[in-house]
Amino acid sequence: MSATLFAASAAVAHLLVRTVAVDPAEVGELVDLAPPEAPLLWVRRGDGLVAWGEALRFEVSGPTRFADAERAWQRALDHAIVRDEVRLPGTGPVAFGSFAFDDTSARGGVVVVPRVVVGRRGDRAWITTVSTDARLGAAPTPARVLRRQPPVAAPGVVVDEGPPPAAWGAVVARGIAAVREGEVDKVVLARDVHVRTEQPLDLRWPLRRLVAEYPSCWTFSVDGLLGATPELLVRSEKGLVTSRVLAGTIRRTGDEAADLARAAILAHSSKDLEEHEYAVASVAQAIAPSCSSINVPEAPFVLHLPNVLHLASDVTGVLAGRERHPTSLALAAALHPTAAVCGTPTSAAREVIRRVEGMDRGRYAGPVGWFGADGDGEWGIALRSAEVDPGDPRRLRLFAGCGIVGASDPAAEVAESEAKLEPMRHALGS
Ligand SMILES: C=C(O[C@H]1C=CC=C(C(=O)O)[C@@H]1O)C(=O)O
């Protein structure tokens, strides 16, 4: 077991968890409650979780990172005392996590159990506090927990330090060659862009913009990894599993009529439909062993985002068995990496990525999200994302990738990757 456990105090084994209902009006916008230091966030259309503090932290690595994280979380729960007055998904004990794309990545992943969680689901809102003290203490109240945050600081001038986009065209060409030579049917290749901000980054600056501009995406922040992903790897709630699969992309023009015409082109593009089919099949195959039934839509719909249009399919399944289901993290581990971020067949595509991409993806394109004490939770794929350098809050790596099939064109893929970088670039203010 390679999980490293950091508790606020090594001598304290018990988590004391308390959830109380609060008036949603007192909570307001979740993202506005995020503190400047190490905010934890999972928000879509105003619902979700914002959290801060670290009651526990597990660091994991290598191919067993998901199983190790799950075991560490289970061990912490075995010693938890919980008083949950709300009993909704996201109440009671909650852990946020984010995991590396590749088994060999230098940083494998992290799970954080926050000290304070504020959640919202429709017209319900709650506060959870987690302590490692000896006593349960008083119930949390908005007045005690929701402190006024300092004003958000702008990052100042943002400098793009490369590598230049065109250089990535050669990487894509090698991917196309691998497909045409029959090594893989599809491979997803990614690039990174190094960016330097004038001021140390206050994560609330990009997070607030992402929440405002990409409401249909899941905006996340976990241990220096932030973004707004349109792709839900898995949500598991009371035996129902959902996955939003994306693959196949076209850039938006900004002109409504032209974009509608582009949506029609995308919906009929054999290159994009082929890419999409691989991604849907990989998700259906991965959840099949855990499900008694699965619903795969016959054809994708076109998802409209401010920067791009995607082919999208919502795959759903019912978990088999009434008693013990795999947790949402176990499902995420079974699904990862899907053909939307790796390729088909999976292991051959991963080899092509290792050989031609020339970078460590870190936690980009890995699962990011949260899970609760019953194992239910939500895990997105960390796309449209950036990772802050843990040693220098002025430095970030921005990421974007594209699915490559035989009919792909390097220049078009470079342009598509630029479109996918736009949300983070804009969120930073550049
Ligand atoms: C790998 C990324 O996007 C994936 C998700 C949606 C559409 C994709 C595409 O059309 O290539 C990619 O498979 C990324 O945004 O970094």
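Residues numbered from 1 in each chain as written. Predicted model: local features only at pLDDT ≥ 70, side-chain atom pairs only at ≥ 80, totals over all residues.

J.: Honestly, the overall build of the chain in this entry has me stumped. Any pointers?
T.: What the chain contains, in helices and strands, is 10 helices and 24 strands. In terms of overall dimensions, the chain is globule-like: its C-alpha atoms have a radius of gyration of 21 Å, near the 22 Å expected for 430 residues. On the principal axes, the C-alpha backbone points of the chain span a range of 65 × 55 × 40 Å. Relative to its 430 residues, the chain shows a buried fraction of 49%. (Helix = DSSP H or I, 4+ residues; strand = E, 2+ residues; numbered from the N terminus. Rg over C-alpha atoms; globule rule 2.2 N^0.38 Å. Buried ≥ 20, exposed ≤ 12 C-beta atoms within 10 Å, placed from the backbone.)

J.: How do you make sense of the pairing of strand β9 (residues 116-121) when you look at a structure like this?
T.: For a regular strand, side chains alternate in direction, first toward one face of the sheet and then toward the other. The element β9 is extensively covered by neighbouring structure, given that 5 of its 6 residues are classed as buried. Both strand β4 (residues 47-52) and β9 contribute to a ladder of 5 bridges, which runs antiparallel. The partner of Ala-51 across the bridge, within β9, is Val-117. Count of turn residues in the β9/strand β10 (residues 124-131) antiparallel hairpin: 2 residues, of which Gly-122 carries a positive phi of about 60°. (Pairing = 2+ DSSP bridges.)

J.: I'm lost on the site of the ligand in this one. Help?
T.: Looking at the ligand, there are 18 residues lining it, with Leu-246, Thr-249, Leu-383, Gly-401 and Gly-403 nearest. Breaking the shell around the ligand down by element, the ones donating at least two residues are β12 (186-197), β16 (240-251) and β24 (392-404). Looking at side-chain class alone, the shell around the ligand contains 9 nonpolar, 5 polar and 4 charged residues. (Near = placed C-beta within 6 Å. Nonpolar A, V, L, I, M, F, W, Y, C, P; charged D, E, K, R; others polar.)

J.: Got a minute to help me understand the nonpolar core in this structure?
T.: In globular proteins that are soluble, nonpolar side chains generally tend to be buried together. Ranked by size, the top nonpolar core spans 122 residues in total, and within it Leu-41, Val-50, Ala-95, Val-187, Val-188, Leu-189 and Val-245 carry the most contacts. Each residue touching Ala-95, except ones within four places of it in the same chain, is listed here: Trp-73, Val-111, Val-112, Val-113, Trp-370 and Phe-371. (Core = buried A, V, L, I, M, F, W, Y, C linked by C-beta atoms within 7 Å. Contact = placed C-beta atoms within 7 Å.)

J.: Would you take a moment to explain unusual backbone geometry for this structure?
T.: Backbone geometry follows two general trends: most residues other than glycine have a negative phi, and most peptide bonds adopt the trans configuration. Backbone torsion omega between Gly-162 and Pro-163 reads 5°, so that peptide bond is classified as cis. With respect to the element layout, Pro-163 can be found in the loop between β11 (158-160) and α4 (168-180). The phi angle at Ala-365 is positive, at roughly 70°, despite the residue not being glycine. Considering the arrangement of structural elements, one finds Ala-365 in the loop between α9 (346-356) and β21 (367-372).

J.: Sorry if this is basic, but what is going on with the pairing of strand β14 (residues 225-229) here?
T.: The buried fraction of β14 is high, at 5 of 5 residues. Residues Leu-225, Gly-227 and Thr-229 point to one face of β14 and Leu-226 and Ala-228 to the other, with burial holding for every one of them. Pairing of strand β13 (residues 218-222) with β14 involves 5 bridges; the strand directions are antiparallel. Within β14, the position partnered with Phe-220 by the bridge is Gly-227. By the bridge criterion, 3 bridges tie β14 to strand β23 (residues 385-389) in an arrangement that is antiparallel. Opposite Leu-226, over in β23, you have Ala-386 as the bridge partner.

J.: Explain the UniProt feature "domain: Chorismate-utilising enzyme C-terminal" (unreviewed entry) in the chain to me, please; I cannot follow it from the model alone.
T.: Under the local residue numbering, the UniProt record ascribes the feature "domain: Chorismate-utilising enzyme C-terminal" (unreviewed entry) to residues 167-420. End C-alpha atoms of residues 167-420 are separated by 17 Å, and the span's content is 33% helix alongside 36% strand. (UniProt positions renumbered as here; feature names shortened; annotations may be inferred.)

J.: I'm lost on the confidence of the model for the chain in this one. Help?
T.: Note: predicted coordinates in regions of low pLDDT should not be interpreted at a detailed level. On average, residues of the chain score 93 in pLDDT, and 97% of them are at 70 or above. For this predicted complex, the interface confidence score (ipTM) comes to 0.98, while the overall pTM stands at 0.95. (pLDDT = per-residue confidence, 0-100.)

J.: What should I look at first to understand the environment of Gln-285 in this one?
T.: Inspection of the secondary structure assignment puts Gln-285 in helix α7 (residues 270-287). The exposure class of Gln-285 is partly exposed, given the 15 C-beta atoms found within 10 Å. Separated by 75 residues in the primary sequence, Gln-285 and Leu-210 have C-alpha atoms spaced 32 Å apart.

J.: What exactly am I supposed to notice about the packing of helix α5 (residues 204-213) against helix α10 (residues 410-428) here?
T.: At a minimum axis distance of 8 Å, the contact between α5 and α10 shows a crossing angle of 125°. In terms of axis orientation, α5 runs oblique to α10. Crossing hand, α5 versus α10: right-handed. Mapping the contact onto sequence places Pro-206, Arg-209 and Leu-210 in α5 and Pro-423, Met-424, His-426, Ala-427 and Leu-428 in α10. (Axes fitted to C-alpha atoms, helices over the stretch in contact; angles between N-to-C directions. Parallel < 35°, antiparallel > 145°, perpendicular 65-115°, else oblique. Left-handed = near helix turned anticlockwise from the far one by under 90°.)

J.: Would you take a moment to explain the packing of α4 against α10 for this structure?
T.: Any two packed helices are characterised by how steeply their axes cross, that is the angle between the axes, and by the distance between the axes. Contact geometry for α4 and α10: axes closest at 9 Å, N-to-C directions at 120°. With respect to each other, α4 and α10 are oriented oblique. Remark: the crossing between α4 and α10 carries right-handed chirality. Across the interface between the two elements, Trp-168, Gly-169, Val-172 and Ala-173 of α4 pack against Pro-410, Ala-411, Glu-413, Val-414 and Ser-417 of α10. Class assignment for the residues of the contact of α4 with α10 results in 6 nonpolar, 2 polar and 1 charged.

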